[in-house]
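# Overview (structure and organization)
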Amino acid sequence: MRKLKYYVAMSLDGFIAHEDGSFDGFLFEGEQVSDYLNSLKDFDIVLMGRKTYEVGLKEGKTNPYPMMKSYVFSRTIKEKPDENVEIVSENIIEIVTSLKQETGQDIYLCGGANLATTLFTANLIDEVIIKLNPFLMGSGIPLFSGKIQQTALELTHRKIYESGVVFLYYQVKN
């Protein structure tokens, strides 16, 4: 069975983006970027919420992860901006459950907070991987958008970079 991994950059005060969806302040140079890009080979499916997807779309990227099958979860996007991107507006839990049961590599949940909350509440997220960045955003979009149940996590790996970025790998304990 595939694992669903919520793999996301976060500020030290717990935000994954500014309120407008922008993400200045995160470090985009250094060894941590190479490690992140190299880790993408472990995934063959990526899940994104509408707001996460629209960040790239505003820059003209209709398929930000062309090496993976992309699913965008949105009730408002009606037409596919790219033939290799599936738009999902209903049955989120059923679709993700089905994807996890298929044969293949792991599934990358790259954001956002609303989708992560929905999938975490349904006990579908297996790992949480945080790319902790050394700055305080002050306000913005939190790691999860709503209430989630208290859940124990097990730290399985960590890596500290000279830039001050720390990768934290947690297994969800159910």
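Conventions and cut-offs
- Along each chain, the written sequence defines residue order, and numbers are assigned to residues from 1.
- Confidence filtering applies because this is a predicted model: local features only for residues at pLDDT of at least 70, side-chain atom pairs given and counted only at 80 or more, and all residues used for totals across whole chains, interfaces and linings.
- The basis for every side-chain value is the complete set of heavy atoms in the structure, and neither hydrogens nor water enter the calculation.
- A carboxyl oxygen of Asp or Glu within 4 Å of a side-chain nitrogen of Lys or Arg is what we treat as a salt bridge.
- Elements are defined by DSSP. Helices are runs of H or I of four residues or more, strands are runs of E of two residues or more, and each kind is numbered from the N terminus.
- Only protein chains enter the area calculation, which uses a 1.4 Å probe; residues under 20% of their type maximum are buried, those over 50% are exposed, and those in between are partly exposed.
- Residues enter a nonpolar core if they are buried and are Ala, Val, Leu, Ile, Met, Phe, Trp, Tyr or Cys, with the set joined through side-chain atoms within 4.5 Å.
- UniProt positions are given in the numbering used here, feature names are shortened, and annotations may be inferred rather than shown by experiment.
- Taken from the helix axis, the directions to the C-beta atoms give the arc we talk about.
- What makes two residues a contact is simply this: any of their non-hydrogen atoms within 4.5 Å.
- Any two strands with at least two DSSP-identified bridges between them are counted as paired.
- Here a Phe, Tyr or Trp ring, Trp counted by its six-membered ring, pairs with any other such ring whose centre lies within 6.5 Å, and the pair is stacked when the planes are under 30 degrees apart, edge-to-face when over 60, and tilted otherwise.
- Placement of a positive charge over a ring is assigned whenever Lys NZ or Arg CZ falls within 6 Å of the ring centre and within 35 degrees of the normal to the ring plane.

## Description of the pattern of salt bridges
Applying the stated criterion to the full structure yields twelve salt bridges. Between arginine 2 and glutamate 102 there is a salt bridge whose closest N-O contact spans 3.8 Å. Within this pair, whereas arginine 2 is found in the segment before β1 (4–11), its partner glutamate 102 is found in the loop between α3 (92–101) and β6 (106–111), the two being separated by 100 residues in sequence. When its relative accessible area of 5% is taken as the criterion, arginine 2 is described as buried. Aspartate 126 is the partner of lysine 100 in a salt bridge, and the nearest nitrogen-oxygen pair spans 2.8 Å. Taken together, the residues lysine 100 in helix α3 and aspartate 126 in the loop between α4 (113–121) and β7 (127–133) connect sequence positions 26 residues apart. Overall, lysine 100 belongs to the buried group, its relative accessible area being 5%.

## A short note on the nonpolar core
In this structure, Leu4, Tyr6, Leu47, Leu109, Leu119 and Ile125 are the most contacted members of the largest nonpolar core, which totals 30 residues. Looking at this core, the elements that each hand over two or more residues are β1, β3 (43–49), β4 (69–73), α3, β6, α4, β7 and β10 (166–172). Element by element, the count of residues in this core is highest for α4, at five residues. Of all hydrophobic cores here, the second largest spans 20 residues; its members include Tyr7, Ile77, Cys110 and Val165.

## Regarding the UniProt feature "domain: Bacterial bifunctional deaminase-reductase C-terminal" (unreviewed entry) in the protein
UniProt feature "domain: Bacterial bifunctional deaminase-reductase C-terminal" (unreviewed entry): in the numbering of this structure it lies at residues 4–166. The span residues 4–166 is 23% helical and 31% strand by assignment, and the distance between its end C-alpha atoms comes to 21 Å.

## Observations regarding unusual backbone geometry
The omega torsion of the bond from glycine 111 to glycine 112 falls at 5°, within 30 degrees of zero and hence cis. Of note in this structure, asparagine 91 is not a glycine but carries a positive phi near 55°. Position of asparagine 91 among the secondary structure elements: in the loop between β5 (85–88) and α3. Although it is not a glycine, asparagine 123 sits at a positive phi angle of roughly 60°. Mapped onto the secondary structure, asparagine 123 falls in the loop between α4 and β7.

## Quick word on helix α1 (residues 31–39)
Along α1, the positions that sit buried rather than exposed are Gln32, Tyr36 and Ser39. Down the axis, α1 shows its buried residues gathered within 65° of arc, on one side only. Where α1 is buried, its residues touch β1, β3, β6, β7 and β10.

## Observations regarding the pairing of β7
In terms of burial, β7 is largely enclosed, as seven of its seven residues are buried. Burial along β7 is two-sided: the face carrying Glu127, Ile129, Lys131 and Asn133 and the face carrying Val128, Ile130 and Leu132 are both buried. Inspection of the sheet shows β1 paired to β7 by seven bridges, in the parallel sense. When the bridges of β7 are listed, methionine 10 appears paired with leucine 132. Bridge count between β7 and β10: six bridges; the pairing is antiparallel. Residue isoleucine 129 lies in a different strand from β10, and its bridge partner there is tyrosine 169.

## Details of the packing of aromatic side chains
Counted by the stated rule, this structure contains 13 aromatic pairs. Aromatic side chains tyrosine 7 and phenylalanine 167 sit 6.4 Å apart centroid to centroid with 90° between the ring planes, which places their arrangement in the edge-to-face category. One end of the pair, tyrosine 7, is in strand β1; the other, phenylalanine 167, is in strand β10, with 160 residues separating them in the sequence. The buried category is assigned to phenylalanine 167, whose relative accessible area is 1%. Three or more aromatic residues joined by ring pairs make a cluster, and in this case those are Tyr7, Tyr36, Phe43, Tyr65, Tyr108, Tyr161, Phe167 and Tyr169. A cation sits over an aromatic face here: lysine 131 above tyrosine 36, 3.7 Å from the ring centre.

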